[in-house]
Amino acid sequence: MNRLARLRVEDIQAWVGEVHLSDRKGQTPYYIPVLNQVHPEVFALQIHCLEGEILSWGDETVTFPLMSVIKPFLLLYLLTHLGEDAVFRRVGKQASSYPFNSLTQLQEDRCFPRNPMINSGAIALADLLAGETPESRCENLLLWLNEMGNCQLFLDGSVLDSVHSYPNAHNQALSLELEKNGYISHRYLALETYNRICCLSGKIADLANLGKLILAAPFGEIILEIMTNCGLYEASQQFALDVGFPTKSGVSGALLSIVPQQGAIACYSPLLNEQGNSILGLNLLTHISHFVKEI
Ligand SMILES: NC(=O)CC[C@H](N)C(=O)O
């Protein structure tokens, strides 16, 4: 039985109300000025069930960049186009215990990126995308996702300008280390491709449709396992115990969660906790998981 399809808008409304803004001592990313200036109360949620029911709450029209939520889709694209061997020669599948942009983690791992959900792993995989330039590489991924996922993602130039306006020393150091150790061939190309794909943006329905794409994809199982173990960085393990849904977060406040055999939950709420995961989003997923498990 699809419990997810039984959720009602009133349930969501009550749970959102429980988490008062004052209780959410969250932050927005200082190093991406347009994301830092976003209204903290903007909110959107959509649940798409496999049988076709859609539950929607909040602003269906707001667009936001996926940021790190693009990472499972970069992985999906490369697994589909290059296969498992090529991909997992460049990146591991191990959970990480440091923040998503940690150089220490990469150095402790002798520069082999630990998983595709942290920045080092995604930068290494961005190096594998087909195309001569960051623009064409990003475009290839964008067109494929829009076709396969039935969505209308676009590159938000204002977010990309904002990313460029503040040099990201962490990502630069990761790229340099990866290049020095032969895990990427062109540090500029890989990092700029990564920056662009993080700025792919859409509405909440696009994010939910992307979730359904993973559920249906031939490599879906592997991706769901990696999302479970690594999708929320160092908070993944506890979340897997508490909630159990494979989930991926981004510093824009985007959050995508998969309920296997049932559907996809897309959420957007910009205030982040210390690990860079949406506070309200995680709270709602906890409520939804209790509902689905009939607790
Ligand atoms: N966690 C994230 O969403 C990180 C993405 C962002 N582009 C960064 O590199 O910092």
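Residue positions are given per chain, counted from 1 along the sequence in the order it is written. Side-chain atom pairs in this predicted model are given and counted only at pLDDT of 80 or more, local residue features only at pLDDT of at least 70, and totals for whole chains, interfaces and linings cover all residues. Water and hydrogen atoms play no part in the side-chain values, which are based on all heavy atoms of the structure.

Rule in force here: UniProt positions are given in the numbering used here, feature names are shortened, and annotations may be inferred rather than shown by experiment.
In the nomenclature of an unreviewed UniProt entry, the chain corresponds to glutaminase from the organism Microcystis wesenbergii NRERC-220. Looking at the Sequence similarities (unreviewed entry) heading of the UniProt record, one finds this comment for the chain: "Belongs to the glutaminase family." In its Subunit (unreviewed entry) section, UniProt records this for the chain: "Homotetramer."

## Observations concerning the nonpolar core
The criterion, for reference: Only buried Ala, Val, Leu, Ile, Met, Phe, Trp, Tyr and Cys residues count toward a nonpolar core, and they belong to the same one when joined by side-chain atoms within 4.5 Å. Think of it in three bands: with a 1.4 Å probe and only protein chains considered, a residue is buried below 20% of the maximum accessible area for its type, exposed above 50%, and partly exposed in between. Runs of E in the DSSP output that reach at least two residues are strands. Runs of H or I that reach at least four are helices, and both are numbered from the N terminus. Every residue pair with non-hydrogen atoms within 4.5 Å of one another is taken to be in contact.
Within the largest apolar cluster, 76 residues are counted, with the highest numbers of intra-cluster contacts made by M67, I70, F73, L75 and L145. Considering every element that reaches this core, the biggest residue donor is helix 3 (residues 71-82), with seven residues. Those residues in contact with M67 that sit more than four places away from it in its chain are I32, L35, V159, V163, C198, C199, G250, V251 and S252. L4, I47, L232 and F245 belong to the second largest nonpolar core, which has 27 residues in total.

## Re the side chain of Q262
Residue placement: Q262 occurs in the loop between strand 7 (254-259) and strand 8 (263-268). Among residues more than four places away in sequence, those in contact with Q262 are M1, N2, R3, L4, H48, C49, L50 and V292.

## Description of the sheet that holds strand 5 (residues 200-202)
For the record, the criterion: Criterion used throughout: strands pair if DSSP finds at least two bridges between them.
Read across the sheet, three strands follow the order 3-5-4 without closing on themselves; strand pairing throughout is antiparallel. A single partner strand is all that each edge strand has here, and the edge strands are strand 3 (64-65) and strand 4 (154-155). Pairing of strand 4 with strand 5 involves two bridges; the strand directions are antiparallel. What sits directly across from L155, in strand 5, is L200.

## A few points about the packing of aromatic side chains
What characterises a pair of aromatic rings is the spacing of the ring centres plus the angle enclosed by the ring planes. Here is the rule we go by: Between rings of Phe, Tyr and Trp, where Trp is taken as its six-membered ring, a pair exists when centres lie within 6.5 Å; planes separated by under 30 degrees are stacked, by over 60 edge-to-face, and by other angles tilted. Lysine NZ or arginine CZ positioned within 6 Å of the ring centre and within 35 degrees of the ring normal marks a charge as sitting over the ring.
Following the criterion strictly, the structure yields six aromatic pairs and no others. One aromatic cluster in this structure is built from Y30, Y31 and Y166. Between the NZ or CZ atom of R3 and the centre of the ring of F291, over which it lies, the distance is 4.4 Å. A cation over a ring is seen here: K93 above F88, with NZ or CZ 4.4 Å from the ring centre.

## Regarding the packing of helix 6 (residues 119-126) against helix 10 (residues 187-198)
Threshold: Throughout, an axis means a line fitted to C-alpha atoms (over the contacting stretch in the case of helices), and angles, computed between N-to-C directions, take values from 0 to 180 degrees. Orientation is classified from the angle alone, with under 35 degrees giving roughly parallel, over 145 giving roughly antiparallel, 65 to 115 giving roughly perpendicular, and any other angle giving oblique. Charged means Asp, Glu, Lys or Arg here, nonpolar means Ala, Val, Leu, Ile, Met, Phe, Trp, Tyr, Cys or Pro, and polar covers whatever is left, Gly included.
Closest axis-to-axis distance for the helix 6/helix 10 pair is 8 Å, and the angle between their directions is 110 degrees. Classified by the interaxial angle, the pair formed by helix 6 and helix 10 is roughly perpendicular. Note on element contacts: helix 10 touches helix 6 through A190, L191, T193 and Y194, opposite N119, A122, I123 and A126. In terms of residue class, the contact of helix 6 with helix 10 is built from six nonpolar, two polar and no charged.

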